[in-house]
Amino acid sequence: MQRRHHAISLQQAVQESPSFALLATRLRESSERLQSVRSLLPAPLRAHVQAGPIEDGAWCLLVNSNAVAAKLRQLVPALQAHLNTCLLYTSPSPRDAHE
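1. So, helix 2 (residues 18-37)
Argument step 1. Its 20 residues place the ends of helix 2 29 Å apart at the C-alpha level, agreeing with the 28 Å of an ideal helix rising 1.5 Å per residue.
Argument step 2. In the core, the buried residues of helix 2 are packed alongside strand 1 (49-55), strand 2 (58-63) and helix 4 (66-85).

Written out as structure tokens, the structure is:
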């Protein structure tokens, strides 16, 4: 049996695959959460924070240094309160990762 290989767009792949669709939804939700709290982050830190995965109700922010992670830990209560008011709830157990 010979298979025909043809390219499809990313959007089409997402629509045709439940796994990709779930991944795309999580990516969109994570990006929305970061956009929502970005203004609460000190300006010098904003460039060092990226939206991370959402798993089991916990949302991770990815950072590139221990110093940024330490500062974010201090901001967790304010970030969670903001997300709760925007109905973008995240779990109260913060996790961080380093690139």
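2. Re the pattern of salt bridges
Argument step 1. The final tally for this structure, using the stated rule, is one salt bridge.
Argument step 2. In this structure, the salt-bridge partner of Glu 32 is Arg 28, at a minimum N-O distance of 3.4 Å. On the criterion of helical spacing, the pair formed by Glu 32 and Arg 28 is a turn pair, its members being four residues apart in helix 2.
Argument step 3. Judged by relative accessible area, Arg 28 falls into the partly exposed class, the value being 44%.

About the thresholds
- Residues numbered from 1 in each chain as written.
- Predicted model: local features only at pLDDT ≥ 70, side-chain atom pairs only at ≥ 80, totals over all residues.
- Heavy atoms only, no water.
- Helix = DSSP H or I, 4+ residues; strand = E, 2+ residues; numbered from the N terminus.
- Expected span 1.5 Å × (residues − 1).
- Contact = heavy atoms within 4.5 Å.
- Salt bridge = Lys/Arg side-chain N within 4 Å of Asp/Glu carboxyl O.
- Buried < 20%, exposed > 50% of the residue type's maximum accessible area, 1.4 Å probe, protein only.

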